[in-house]
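Topology and contacts: notes
If you want the building blocks of each chain, they are given just below.
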Amino acid sequence: MSDKLEFTGERFTPECMREIWYEHFHRYVFARELVRGERVLDAACGEGYGSALLAQAAESVEGVDLSAQAIEHARGRYRSETLRFKQADCTELPFEEGEFDCVVSFETLEHLEQHEKLLREFRRVLKPEGFLLISTPDKAIYTDRLKNSNEYHLRELYRPEFESLLASEFPAFRLWGQKLLFQSALWSLQPQSGVQFQQDREGQVSETSVPVHEPVYLLALCAAQEDFLPSPGSGVSLFDDAAESVYQHYYHEIRKNMSTGQMLIDKDREINELKAQLASSTAKLPWWRRWFGKA
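Residues numbered from 1 in each chain as written. Predicted model: local features only at pLDDT ≥ 70, side-chain atom pairs only at ≥ 80, totals over all residues. Heavy atoms only, no water.

**Some remarks on the packing of aromatic side chains**
Between two aromatic rings, the relevant description is the distance of the centres plus the angle of the planes. Tallying each qualifying case throughout the model produces seven aromatic pairs. Geometrically, the ring pair formed by tyrosine 28 and phenylalanine 106 is edge-to-face, given 4.9 Å between the ring centres and 80° between the ring planes. Taken together, the residues span a long stretch of sequence, with tyrosine 28 in helix α1 (residues 19–34) and phenylalanine 106 in strand β4 (residues 100–106) at a distance of 78 residues. Phenylalanine 106 shares its class with tyrosine 28; the two are buried. On the numbers, 5.9 Å between centres and 35° between planes, the contact of tyrosine 247 with tyrosine 251 is tilted. You can see tyrosine 247 and its partner tyrosine 251 sitting in helix α7 (residues 245–283), four residues apart, about one turn around the helix. On the basis of relative accessibility, which here comes to 7%, the residue tyrosine 247 falls in the buried class. For tyrosine 251, a relative accessible area of 12% translates into the label buried. Pairwise contacts between aromatic rings join Phe25, Tyr28, Tyr49 and Phe106 into one cluster. (Phe/Tyr/Trp six-rings, centres within 6.5 Å; stacked < 30°, edge-to-face > 60°. Helix = DSSP H or I, 4+ residues; strand = E, 2+ residues; numbered from the N terminus. Buried < 20%, exposed > 50% of the residue type's maximum accessible area, 1.4 Å probe, protein only.)

Have a look at this one:
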């Protein structure tokens, strides 16, 4: 069995590149710290990489997905005593009431029409004191402003709609925002409190007190003795501009390259079709026309 699941655009795979890789992995790394020692349901687990990350900290993880292919792949690629995968519809979960401490469901809502039924199922399988961690794109930004179009998204939500949906089953909730940012970073080269998450391409998550990147510039804060040194506060300082000029340039170039790539694919297909038409037309000519045509 291949260790890679084909990327079709419907679900993320770890072999994806650029911002989608950062976004998907960051959500699960964030969740991993919240589910330590808990019994977790990863609803719509897809390829299984996120369930495997959660299983590094959780007491146990059940990954469920509607796709039989995705579940078969996940069972073969990710194996752990604390991890199981099961094919199931997230709107009709095969679990008892109050079975889980936590439900994690990232980028699931927009793929379904039955949002209310989905939230009711999550509430049902959670313990009374359990919690849900769920994500979805903000339609106002993802679709309206950035002009993204995903054929697999059946029902996207604006933020007020998302908040209203959550409140219908979970009166207490807090929101986080997520976006890939391009920033100048200054960080202390001495150990600091706090955690900086790093994720390597082999799927292992490491935790360090400072970024692991090699700095391009060195900035020194100096004094005659230690007591005279001011404290900058946090060990990490981030800076960017309100217009997000670096990110906007990156976003423009990436979309331009993607558009050019699609144009080349379309042109290659058109050339092959014209070659096939020419070959078919030539085959219908009398033999003497074909012979003299080659002369």
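**Topic: the pattern of salt bridges**
Considering all chains together, one arrives at 15 salt bridges under this definition. A salt bridge links arginine 36 to glutamate 33; the nearest nitrogen and oxygen atoms lie 3.4 Å apart. Ionic pairing is found between glutamate 92 and lysine 117, a salt bridge with its closest N-O pair at 3.4 Å. Pair noted here: glutamate 92 is in the loop between β3 (83–87) and β4 and lysine 117 is in helix α4 (residues 115–125), with a separation of 25 residues, a long-range link. Judged by its relative accessible area of 26%, lysine 117 is partly exposed. A single salt-bridge network, built from bridges that share partners, covers Arg39, Glu62, Arg84 and Glu99. (Salt bridge = Lys/Arg side-chain N within 4 Å of Asp/Glu carboxyl O.)

**Some details on the sheet that holds β4**
Read from one edge of the open sheet, five strands run β3-β2-β1-β4-β5, paired in parallel fashion. Of all the strands in the sheet, the pair left with one neighbour each is β3 and β5 (126–135). Here the strands of the sheet are splayed against their neighbours by 20° on average, with no regard to which way each runs. Sheet topology note: the β4/β5 ladder contains six bridges and is parallel. Bridge pairing in β5 links phenylalanine 100 to leucine 126. (Pairing = 2+ DSSP bridges. Axes fitted to C-alpha atoms, helices over the stretch in contact; angles between N-to-C directions.)

**So, helix α3 (residues 68–77)**
Burial in α3 covers these residues: Ala70, Ile71, His73 and Ala74. The arc that holds every buried residue of α3, seen down its axis, measures 165°, which confines them to one face. Exposed side chains of α3 directed beyond 90 degrees from the buried face belong to Gln69 and Glu72. Lining the buried residues of α3 we find β2 (60–65) and β3. Two or three places before glutamine 69, at the start of α3, stands the capping residue serine 67, its side-chain oxygen 3.4 Å from that residue's backbone nitrogen. (Arc of directions from axis to C-beta. Contact = heavy atoms within 4.5 Å. Polar contact = N/O pair within 3.5 Å; in protein donor to acceptor, adjacent residues only side chain to side chain.)

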